[in-house]
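Secondary and tertiary structure notes
Residue strings, one per chain:
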Amino acid sequence: MTLSPERAPAAGTRRLTRTLYGSAFCDEFVLLYPVYALLFSDTGLSVWQMSSLFAVWSLTSVVLEVPSGAWADAVSRRLLLVLGPLLTAAGFALWVLVPSYGTFALGFVLWGAGGALGSGALEALVYDELDRAGVADRYARVMGRARAVGITATMTAMGLAGPVFAWGGYEAVGAASVLVCLAGAVVATRFPEHRKPSTDGDRWSATLRAGLAEARTDRSVRGALLLVPAVTAVWGALDEYTPLLARDTGVAQETVPWLLLVIWAGATAGSLLAGAAERLTTTGFAALLTGSALALAVGAAAGTPVALVLVALAFGGFQLATVLADARLQERIEDTGRATLTSVAGLGTELGTLATYGAYAVAATATGHGTAFALSAVPYLLTALLLATAARTTAAAARARPRSRRFPS
């Protein structure tokens, strides 16, 4: 049966969203996530060596983030989404088959490269395909659901990693992780892509220059670009320390995973609210950050298990703000440089995350995890203040504009 013009976009959108949700699940349903630090330790690595591996991972992402985004604007974005999981699968296979410091480092390089290939390319492909179907206004809702699927996959992997590890050790969780990455590559081949990549050999560098020029010359693009790392970097880094915060509330070690599930349930809820909140004004966005920051500060400083519900609310707010900030960026940039500028925002997030790691280490060493979490609310309060000030300035300028037309100087 031939699809009518009205039904064809709807069918294409369903294929896009189903593929996106399947890809998001495969990206995060990795049983190695909860145990790879144990693998490093059991191989004989010191804490310093493990920290250096994390640095290799972050630096790989920093170096490749923007070039990979420009590449995604020059070639097929779907191709990069297929290649990314294959690189990650190769890295995980090396870890399990030949465990050593060198192969761990190489695995992190492959994992970082795979993540960089998808960063920017995914957001650009999804937005352009929704825009083609005339439903670009659904972007925040669709991406929010995809992030919720990813978080659910992570929590499911956390629950299954223990039994699978008890049954087959690192080989079993490693094999499962490789297989799910391969499945993710297969799923990515189903992404619809109607945009035609350029055949110009100089397109890669030209795309990069054009994308950066747009950020320099368009104030609204520049503001949206800066908002993404301002919202994402700090709470993304705090994720690594939530087990320590939960343990410091005085609960038994076996209770910690349950408290983490509460926190990530909050983040999942934030993702699912993106559709309802996508028309939030700048003032409303500032209020969202302020409320989330205060919930984080109070919940973390209280030092009790019950107060972690406030931390869960904060993570939900930050997750919602992350999705909305990405949606605002996509709305403001041109199609040709979409993946490039999304990757520039990703680079800012990576650098902000690295800075947060350093600041958190200093604060937690001096004051403890609860206080360090509470202090992490300060950047969000400052961002909210800047947004509220900008909203008032814009409103004042809009009110003054008619008067200036009536009374020219």
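Everything below is about the structure shown above.
Everything numeric here is computed off the predicted structure, so don't read it as measured data. (Residues numbered from 1 in each chain as written. Predicted model: local features only at pLDDT ≥ 70, side-chain atom pairs only at ≥ 80, totals over all residues. Heavy atoms only, no water.)

**Comments concerning the environment of Ala233**
- For Ala233, the location among the structural elements is in helix H9 (residues 219–238).
- In this structure Ala233 comes out as buried when scored by relative accessible area, which is 4%.
- Sequence separation between Ala233 and Leu354 is 121 residues; the distance between their C-alpha atoms is 8.5 Å.
- Beyond its immediate sequence surroundings of up to four residues, Ala233 is in contact with Thr349, Gly352, Thr353 and Thr356. (Helix = DSSP H or I, 4+ residues; strand = E, 2+ residues; numbered from the N terminus. Buried < 20%, exposed > 50% of the residue type's maximum accessible area, 1.4 Å probe, protein only. Contact = heavy atoms within 4.5 Å.)

**What about the packing of helix H4 (residues 77–97) against helix H5 (residues 101–118)?**
- In contact at an axis separation of 8 Å, H4 and H5 are set at 165° when each is read in the N-to-C sense. Comparing their axes, H5 and H4 come out roughly antiparallel. At the point where H4 passes H5, the crossing takes the left-handed sense. Of H5, the residues touching H4 (which contributes Leu80, Leu81, Leu83, Gly84, Leu87, Thr88, Ala90, Gly91, Phe92, Leu94 and Trp95) are Thr103, Phe104, Leu106, Gly107, Phe108, Leu110, Trp111, Ala113, Gly114, Leu117 and Gly118.
- Among the residues making up the contact of H4 with H5, the classes are represented as 15 nonpolar, 7 polar and no charged. (Axes fitted to C-alpha atoms, helices over the stretch in contact; angles between N-to-C directions. Parallel < 35°, antiparallel > 145°, perpendicular 65-115°, else oblique. Left-handed = near helix turned anticlockwise from the far one by under 90°. Nonpolar A, V, L, I, M, F, W, Y, C, P; charged D, E, K, R; others polar.)

**Focus on the packing of aromatic side chains**
- Counted by the stated rule, this structure contains 26 aromatic pairs.
- Both rings, one in Phe40 and one in Phe108, keep their centres 5.8 Å apart while their planes meet at 65°; by these two values the pair is edge-to-face. Taken together, the residues span a long stretch of sequence, with Phe40 in helix H2 (residues 36–42) and Phe108 in helix H5 at a distance of 68 residues.
- A relative accessible area of 0% places Phe40 in the buried class.
- Take Phe108: its relative accessible area is 0%, and that puts it in the buried class. (Phe/Tyr/Trp six-rings, centres within 6.5 Å; stacked < 30°, edge-to-face > 60°.)

**Considering helix H13 (residues 282–302)**
- Between the first and last C-alpha of H13 there are 30 Å, a value that for 21 residues agrees with the 30 Å anticipated at 1.5 Å per step.
- Within H13, the full set of buried residues consists of Gly284, Phe285, Ala286, Leu288, Leu289, Ser292, Ala293, Ala295, Leu296, Gly299 and Ala300.
- Once H13 finishes, Gly303 follows within two positions and takes phi at roughly 70°, a positive value. (Expected span 1.5 Å × (residues − 1).)

Any link to function would need more than the numbers given here.
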